[in-house]
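Breakdown of the fold
So the chains spell out like this:
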Amino acid sequence: MRILFSSTPAHGHLLPQLPLARAFRERGDDVVFLTAGGLAPVLAREGFDVLPAGPTMDVMVADFARRTGLTPGGEPDPEMVAELFAGVRVDLTVDEALAAARDWRPELIVTELADCVGPLVAAALDVPVANLAYGPALPDDFATAMDANVASRYAARGVTPRPAAHYLDTCPPAMQQDGWRPPAGRLALRPEPHGQTPAGQSPSDRAGTAAPADPQRRPRVLVTFGTVFSAPEVLSPILRELSKEDMELRVTLGLTASAEDFDVDHDRVTFVGFTPLSELLRDTDLVVAHGGAGTTLGTLAAGIPMVIAPQGADQFIQADRVAAAGAGLGLPGDTATPEGVAKAASAVLADQGFRAAARTVADQIAAMPSPAEVAAALAAEPVPAA
């Protein structure tokens, strides 16, 4: 088959798609990604080609600010999210995407939860869609706002919206929204922590696991706020508070910062550059994070408890669901202070109940169908376009 993966041009949207893309490639299918050309180096490291379409996220945010006078950040609002993803991105991307996809002639398009370009392209080309949800289901008010905003973009091109043939659900039951009803075509899909792996081997085969309890050593804590939210001015106060506790701290730098940018005691903190999450999780006792969906599900797949201090986007959802599952503590709003983060980290490390709950979530994830199994199912029973 010819499989086109369509993604918002951001690491947090792109990386959760990679396990399924690898699985299709290992079957012998042709796989390509449709996203901004600025993400091509990331995908080249994974051995995937890109059909470049549309600008990178910084250009999108600048255009959003020009249109609305607002800057995305903090707890998201449905109308703001809809304008950015279903308005600005579609306007700046979809015509270029349509031309590129028409030339490539996909037989299946795999989109991600916030991608409104891929579904429009699929409808225009009469190609079925599988929508990959990289965390808990999108709340109804956000989905409704996005559908309403993108409707005029379909109409302007004479295209009729239609539902996805499949909903690829990476969320384990303990993390799902209360009262959620699975849509038609749901297929469970095991999430995996990001890792660059040899062909034929799953990142979950190499992923880190919760370090065994050892009273003779200090707890090992990974602090990672992803590629967007890891600004030194945000992390430095948190790291200073955490470094007062009796723990080993390892901190990811994001894409642009260097260790020297952080105002911390460098004898107490170890910094690492961009590294696959599967490697960062090795022998880790606790992850302190912003709550990106890929980071959250990848960490819990390894059975490691979390403290989440959400900064924006869907991270408030992740914080809520991790706390609901008992697999860690979420610190929304005014509680996500440096002191609050350090206090929460000490509490989670001291209470083995969090570790046990994280292990329960890991067991649920391990029981979900693998990317290889889902790829085979999608290929074996192609769904004709409506």
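Keep in mind that this is a model prediction, so the values were computed, not measured. (Residues numbered from 1 in each chain as written. Predicted model: local features only at pLDDT ≥ 70, side-chain atom pairs only at ≥ 80, totals over all residues. Heavy atoms only, no water.)

1. What to know about the pattern of salt bridges
Evaluated as defined, the whole model comprises 19 salt bridges. The shortest N-O distance in the salt bridge between R220 and E248 comes to 3.6 Å. Taken as a pair, R220 in strand β8 (residues 220-224) and E248 in strand β9 (residues 248-252) lie far apart in primary sequence, 28 residues in all. Several salt bridges converge on common partners, so that one network encompasses D63, R66, R67, E83, D91 and R153. (Salt bridge = Lys/Arg side-chain N within 4 Å of Asp/Glu carboxyl O. Helix = DSSP H or I, 4+ residues; strand = E, 2+ residues; numbered from the N terminus.)

2. Overview of the environment of A380
You can see A380 is positioned in helix α15 (residues 371-380). Spatially, the C-alpha atoms of A380 and L277 are 31 Å apart, while their sequence positions differ by 103 residues.

3. A look at the sheet that holds strand β4 (residues 108-112)
Strand order in the open sheet made by the seven strands is β3-β2-β1-β4-β5-β6-β7, with parallel pairing throughout. Only two strands of the sheet have a single neighbouring strand rather than two, namely β3 (49-52) and β7 (186-188). The average undirected angle you get between the axes of adjacent strands in this sheet is 25°. Note that strand β5 (residues 129-133) and strand β6 (residues 166-169) share four bridges and pair parallel. Paired with N131 across the bridge in β6 is Y167. The sheet strands contacting helix α6 (residues 117-125) are β1 (2-6), β4 and β5, and the helix crosses β4 at an angle near 160°. (Pairing = 2+ DSSP bridges. Axes fitted to C-alpha atoms, helices over the stretch in contact; angles between N-to-C directions. Contact = heavy atoms within 4.5 Å.)

4. Re helix α12 (residues 315-325)
Along α12, the positions that sit buried rather than exposed are Q315, F316, Q318, A319, R321, V322 and A325. For α12, the elements touching its buried residues are α11 (293-301), β12 (306-308), β13 (328-330) and α14 (352-366). A positive backbone phi angle near 75° is found at G326, which sits one or two residues after α12. (Buried < 20%, exposed > 50% of the residue type's maximum accessible area, 1.4 Å probe, protein only.)

5. Regarding the packing of helix α5 (residues 78-104) against α6
One way to put it is that α5 packs onto α6 with a least axis distance of 9 Å and a crossing angle of 40°. It follows from the interaxial angle that α5 and α6 lie oblique. Regarding α5 and α6, the two cross each other, and that crossing is right-handed. Between α5, through R89, V90, T93, V94, A97, L98, A101 and R102, and α6, the contact on the second element is made entirely by V117, L120, V121, A124 and L125. Counted by class, the contact of α5 with α6 contains ten nonpolar, one polar and two charged residues. (Parallel < 35°, antiparallel > 145°, perpendicular 65-115°, else oblique. Left-handed = near helix turned anticlockwise from the far one by under 90°. Nonpolar A, V, L, I, M, F, W, Y, C, P; charged D, E, K, R; others polar.)

6. Some words on the side chain of D169
Mapped onto the fold, D169 is located in strand β6. At 3.1 Å, the side chain of D169 and the backbone nitrogen of C171 are in polar contact. Beyond its immediate stretch of four places on either side in the chain, D169 contacts Q176, W180, R186, L187, A188, L189 and M368. (Polar contact = N/O pair within 3.5 Å; in protein donor to acceptor, adjacent residues only side chain to side chain.)

7. Examining the packing of aromatic side chains
For the structure on display, the rule yields five aromatic pairs. Consider the rings of F5 and F33, whose centres lie 5.2 Å apart with planes at 25°: the pair is stacked. A residue pair is termed long-range when its members are at least 10 positions apart, and F5 in strand β1 and F33 in strand β2 (residues 30-35) qualify at 28 residues. Like F5, the residue F33 is buried in the burial classification. On the numbers, 5.3 Å between centres and 65° between planes, the contact of F33 with F48 is edge-to-face. A residue pair is termed long-range when its members are at least 10 positions apart, and F33 in strand β2 and F48 in the loop between α3 (40-45) and β3 qualify at 15 residues. When sorted by exposure, F33 lands in the same class as F48, which is buried. Seen from the ring of W104, R2 lies directly overhead, with NZ or CZ sitting 4.1 Å from the centre. One Lys or Arg, R25, reaches over the ring of F48 and ends 4.2 Å from the middle of that ring. (Phe/Tyr/Trp six-rings, centres within 6.5 Å; stacked < 30°, edge-to-face > 60°. Lys NZ or Arg CZ within 6 Å of the ring centre and 35° of its normal.)

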